[in-house]
Amino acid sequence: MAAMVHVDAVLFDFSGTLFRLEEDASWFDGMVIDDRRIESHAQSEIMRRLTTPVELAVPLTPEAHHAWTQRDLEPALHREANLHVLRASGLADHHADALYARLIDPACWTPYPDTADVLAALRERGVKTAVVSNIPFDVRPAFEAIGAVADEFVLSFEVGAIKPDAAIFAEALTRLDVDAANTVMVGDSEEADGGARALGCGFVLVEPLPTAQRPDGLRRALAEHGLPVCA
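What this report covers is the structure whose coordinates are included nearby. (Residues numbered from 1 in each chain as written. Predicted model: local features only at pLDDT ≥ 70, side-chain atom pairs only at ≥ 80, totals over all residues. Heavy atoms only, no water.)

**Structural notes on the overall build of the protein**
Heads up, the condition is: What counts as a helix is a DSSP run of H or I of at least four residues, what counts as a strand is a run of E of at least two, and both are numbered from the N terminus. All radius of gyration figures rest on C-alpha atoms, and the globule criterion is 2.2 Å times the number of residues raised to 0.38. Each residue's exposure class comes from its accessible area (1.4 Å probe, protein chains only) as a fraction of the maximum for that residue type: buried when under 20%, exposed when over 50%, partly exposed otherwise. Any two residues having at least one pair of non-hydrogen atoms within 4.5 Å are treated as being in contact. Exposure was quantified through the Shrake-Rupley algorithm and a 1.4 Å probe, taking into account, for residues, occlusion by the shown protein chains and nothing else. When charges are counted, Lys and Arg contribute as positive and Asp and Glu as negative, whereas His and the chain ends are disregarded. We put the charge of a Lys on NZ, of an Arg on CZ, of an Asp on CG and of a Glu on CD.
Counting its regular elements, the protein contains nine helices and nine strands. In terms of overall size, the protein behaves like a compact globule, its C-alpha atoms giving a radius of gyration of 18 Å where 231 residues would be expected to give roughly 17 Å. Projected onto the principal axes, the alpha-carbon positions of the protein cover approximately 60 × 35 × 30 Å. Each of the 231 residues in the protein was classed as buried or not, and the buried ones make up 48%. Of all intrachain contacts in the protein linking residues separated by at least 6 positions in sequence, the fraction that spans at least 24 positions is 62%. Only carbon and sulfur atoms are counted for the fraction: they give 50% of the accessible area of the protein, which is about 10,600 Å². When the 19 positive and 37 negative side-chain charges of the protein are each reduced to one mean point, those points stand 2 Å apart.

**Remarks on the pattern of salt bridges**
Note the following rule: Here a salt bridge means any side-chain nitrogen of Lys or Arg lying within 4 Å of a carboxyl oxygen belonging to Asp or Glu.
One pass over the full model with this rule turns up 15 salt bridges. Taken together, the shared-partner salt bridges in this structure form one network comprising Asp 13, Lys 163 and Asp 193.

**Description of the nonpolar core**
Here is the rule: Throughout this description, the term nonpolar core refers to a set of buried Ala, Val, Leu, Ile, Met, Phe, Trp, Tyr and Cys residues connected via side-chain atoms within 4.5 Å.
Membership of the largest hydrophobic core comes to 48 residues, with the highest contact counts inside it found for Phe 12 and Phe 143. Val 132, Ala 180, Met 185 and Cys 201 belong to the second-largest nonpolar core, a separate cluster that totals 17 residues.

**Quick look at the pairing of strand E7 (residues 152-155)**
Heads up, the rule is: By this definition, two strands are paired if DSSP reports at least two bridges between them. Here a crossover is taken to be right-handed if, once the strands point away from the viewer, the path from the first strand over the helix to the second is traced clockwise.
As paired elements, strand E6 (residues 128-133) and E7 share four bridges and run parallel to each other. Each bridged residue has a counterpart across the sheet, and for Ser 133 the counterpart in E7 is Leu 155. As a crossover connection, the stretch from E6 through helix H6 (residues 140-145) into E7 is right-handed.

**Considerations on the pairing of strand E8 (residues 183-187)**
With respect to burial, E8 is a largely interior element, five of its five residues being buried. Strand direction decides the pairing type here: strand E1 (residues 9-12) and E8, joined by four bridges, are parallel. Across the sheet, Ala 9 pairs through a bridge with Thr 183, a residue of E8. Pairing of E8 with strand E9 (residues 202-205) involves four bridges; the strand directions are parallel. Opposite Gly 187, over in E9, you have Leu 205 as the bridge partner.

**With respect to the sheet that holds E9**
Rules: Structural elements are reduced to axes, namely lines fitted to C-alpha atoms, with helices fitted over the stretch in contact, and the angle between N-to-C directions of any two is expressed from 0 to 180 degrees.
Spatially, five strands are ordered E7-E6-E1-E8-E9 in an open sheet, and the strand pairing comes out parallel. Of all the strands in the sheet, the pair left with one neighbour each is E7 and E9. Strand-to-strand, the axes of this sheet are offset by a mean angle of 20 degrees, without reference to chain direction. Strands in contact with helix H5 (residues 115-124) are E1 and E6; relative to E1, the strand with the most contacts, it is inclined by about 160 degrees. This element, helix H9 (residues 217-224), spans E1, E8 and E9 of the sheet and lies at about 135 degrees to E1.

**Notes on the side chain of Ser 15**
Along the chain, the position of Ser 15 falls in the loop between E1 and strand E2 (19-21). Those residues within four positions of Ser 15 in sequence are excluded, and the remaining contacts are Thr 51, Trp 109 and Asp 188.

**Observations regarding the side chain of Asp 72**
Among the secondary structure elements, Asp 72 is positioned in the loop between helix H2 (62-69) and helix H3 (75-88). It turns out Asp 72 is buried and unbridged, and the closest side chain with the opposite charge, Arg 71, is 4.2 Å from it. Excluding anything up to four places from it in sequence, Asp 72 contacts His 78, Asn 134, Ile 135, Pro 136, Ser 156, Phe 157 and Ile 162.

In structure tokens:
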């Protein structure tokens, strides 16, 4: 166990950490690739391509590559990049548009089973929280829908910086008025979320498993870092 003397704040990633975009078979009704119905394994792969933090899923033109690297700063570039991925994956334009609409709809994201409880428990203990996400749309409605509360939302498209840039983590620390040494970042990407370590924050990695397969991943991750959070 990596114990910490005192924790004043916990920063959380959004996708794959607090919430996950999980395919609903109905989203793919009537969709085909190469004249064949899209089976469940292909549905999962398409969702992975839309939500992977840093990996390039398909070959990109120079224009598409620019949009991909800047997608979480500008909504228009996010749309361009992800529609390119969907079309390169074999989807027709109108089907790509339909799936993209799911991606940017907070109501389509599924919370991990312990998301609301962990945020509530930290608040009760006086530990401040912030959602620090590379994302081009407002995720606050997803939290409101499950009654979950974070002290701050530091979203890339609003602050003009993307993880692992230290600037986005520094913004979170400033808003919460806490020191990095007493702050832990929780996320599913060593490369992106692990950037918080450059400022002196602790870092806890969680796996972006399907929500049904990770019922208490946040609680266990924090406990392993010396911050037990009871149900």
